[in-house]
Amino acid sequence: VDAALVSAVGAEHVLTDPDLRAAAEVDWTGRWRGACRAVVRPGSTEEVAAVLRICADAGVPVVPQGGNTGLVGGSVPVGVPGAVVLSTRRLDALAPVDATGTVVAGAGATLAAVQRHARAAGWAFGLDWAARDSATVGGAVATNAGGLRVLRWGPARAQLVGAEAVLASGAVLSRVDGPVKDSTGYDLSGLLCGSEGTLGVLTRVRLRLVPPLPAERAVALVGVDGVPAATGLLAAARRALPGLAAAELVGAAALALALRLGLPAPLDAEWPAYVLLETAGAGALDDLTAALAEAPGVGDAVLAGDAADRARLWRYREEVTPAISAAGVPIKLDISVPADALPAAWEALPATVSALAPGAQVVLFGHLAESNLHVNMLSVPADREPAVVEAVLRLVAGAGGSISAEHGIGRAKARWLGLTRSAAELAAMRAVKAALDPAGLLNPGVLLAGS
Ligand code: FAD
Ligand code: MLT
Ligand code: ZN
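In this text the structure is predicted, and so the values were computed from the model without any measurement. (Residues numbered from 1 in each chain as written. Chains lettered and ligands numbered in written order. Predicted model: local features only at pLDDT ≥ 70, side-chain atom pairs only at ≥ 80, totals over all residues. Heavy atoms only, no water.)

1. Considerations on the coordination of the zinc ion (ligand 3)
Next up, step 1: Every protein donor of the zinc ion (ligand 3) is listed here as H367 (NE2), H374 (NE2) and E406 (OE), and their distances to the metal cover 1.7 to 2.1 Å.
Next up, step 2: Between consecutive donor residues of the zinc ion (ligand 3), the sequence gaps follow H-x6-H-x31-E. Of the two residues, H367 and H374, both sit in the buried class. (Donors = N, O, S within 2.8 Å, 3.2 Å for Na, K, Ca; no water. Buried < 20%, exposed > 50% of the residue type's maximum accessible area, 1.4 Å probe, protein only.)

This is how it looks when you write it as structure tokens:
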């Protein structure tokens, strides 16, 4: 197999040396560690197809990997003996932006690269989050990722016009050319969105770009006395600010960890929670100031109009993830609940965790507009982890929520998918998997437990 892989992609792109493989064998959090026979880096769709044909013939499992910033263990070869990690990083070509504002990007292009490319053509890319310099658009589509602009532009699925992917057999599906409107049967590109590397390897994606946000913008970091106040503030901001571009939530424990990285306290007093709002458009700072003066629930606030000050306020949100990892190896969850269930969930989550792991630290933050909470837990004893995760996910399911709102199921949550997807849905998913990857070679153990 290794010799065939070398002849398919070149010796310099088949990494078998343990030192060269190491970075691909562990995830961003350090929670998921595995081993692979080789990291293979094809440079074209044809080379991806050749690699998958070789692996199919030899019965070798394949773990697709983009930027390896995924947070659910789906991008690393854990418990998959003899697997090949197929890195998409060399598939990073960007075609010119077309007249309708779509662009075909290699799956291995980073979010930041697509953002820059879009900007140079007078457009913007609707996806953005803190891992923008490493996360790839292929990974974003594979996980239906969300981020900081979902309020405005929706998740990865909403940016996807069409995809090119290679199936386990080596067959190539390509829907990245031609018209943007298409009603010819099954939406195979849409099916690949959120498939987490279990149905095919995305090689190119055609993305719908968005108009750039106006340069005039304002950001506020608002201290609130709880989540009911945060949701009241959001509702008022939505009504008052047509240019609202972000609404993020940071709990007190999350802010405290971010401050440990050296950021100064943003407000004079500490608050149970903080809301970061961003609005864009002419008069943004005045509009935001006026909206906060009228809105309920504002305890205290700091506002910023110029770019450097806005970036400074954004750090209180974007540094939360690194700050958590600086404090330990967290259990990370990315749940969502119906909007009216958010305050109760916020209250119940810490107690649910401490009932099973009294010494655990629960850090809550997330995307307020989608009621998408990141439940991060530190210092949970290893033998309590499954019970703690299950309790949180059951609470979410009981509230009518989703056990994953943006990171995907991965290995971390595969055994709990049935909490929020019905038996009929699971059977349909398994049937799709069996049809497209009958030998189960693409990302075994991810998404569908036992796959
Ligand atoms: P990887 O981590 O390499 O892979 C993720 C999954 O996609 C794996 O299952 C992998 O097999 C599969 N995959 C990757 N590429 C392909 C491909 N070409 N074809 C088929 N399958 C593929 N996520 C959010 O949604 N919102 C956020 O706000 C957010 N913030 C983050 C902040 C930080 C600091 C970090 C570290 C991560 C954050 N993430 C966030 C998580 C992560 O960036 C996303 O899940 C992202 O989509 C992963 O992209 P990637 O290229 O790193 O994919
Ligand atoms: C975020 O919103 O910052 C991310 O999804 C990362 C995380 O969950 O830590
Ligand atoms: Zn997030």
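2. Some words on the site of ligand 1
Next up, step 1: The environment of ligand 1 is formed by 35 residues, the closest being P64, G66, T69, G70 and T136.
Next up, step 2: Side-chain polar atom of W129 to an oxygen atom of ligand 1: 2.9 Å apart, as the coordinates give it.
Next up, step 3: Those elements that provide at least two residues to the shell around ligand 1 are β3 (62-65), α5 (137-143) and β8 (201-208).
Next up, step 4: For the shell around ligand 1, the element with the most residues is α5, which contributes 5 residues.
Next up, step 5: Considering only residue class, the shell around ligand 1 consists of 12 nonpolar, 21 polar and 2 charged. (Near = heavy atom within 4 Å. Polar contact = N/O pair within 3.5 Å; in protein donor to acceptor, adjacent residues only side chain to side chain. Helix = DSSP H or I, 4+ residues; strand = E, 2+ residues; numbered from the N terminus. Nonpolar A, V, L, I, M, F, W, Y, C, P; charged D, E, K, R; others polar.)

3. A word on the packing of helix α10 (residues 252-260) against helix α13 (residues 320-327)
Next up, step 1: Running from N to C, α10 and α13 point in directions that differ by 80°, and their axes come no closer than 8 Å. As the angle between them shows, α10 and α13 are arranged roughly perpendicular. Facing A254, L257, A258 and R260 of α10, the residues of α13 in contact are V320, A323, I324 and A327.
Next up, step 2: Split into classes, the residues belonging to the contact of α10 with α13 amount to 7 nonpolar, no polar and 1 charged. (Axes fitted to C-alpha atoms, helices over the stretch in contact; angles between N-to-C directions. Parallel < 35°, antiparallel > 145°, perpendicular 65-115°, else oblique. Contact = heavy atoms within 4.5 Å.)

4. What to know about the pattern of salt bridges
Next up, step 1: Here the structure, examined in full by the defined rule, presents 19 salt bridges.
Next up, step 2: A salt bridge links R90 to E47, with the nearest nitrogen and oxygen atoms 3.9 Å apart. You can see R90 sitting in the loop between β4 (84-87) and β5 (102-106) and its partner E47 sitting in helix α3 (residues 45-58), a full 43 residues away along the chain.
Next up, step 3: Among the residues examined, R90 registers a relative accessible area of 33% and is labelled partly exposed.
Next up, step 4: Judged by its relative accessible area of 22%, E47 is partly exposed.
Next up, step 5: In this structure, E164 and R204 form a salt bridge, with 2.9 Å as the shortest nitrogen-oxygen distance. Taken as a pair, E164 in strand β6 (residues 160-166) and R204 in strand β8 lie far apart in primary sequence, 40 residues in all.
Next up, step 6: The class of E164 is buried, set by a relative accessible area of 5%.
Next up, step 7: Residues joined in a network through salt bridges with shared partners are R149, R217, E278 and R310. (Salt bridge = Lys/Arg side-chain N within 4 Å of Asp/Glu carboxyl O.)

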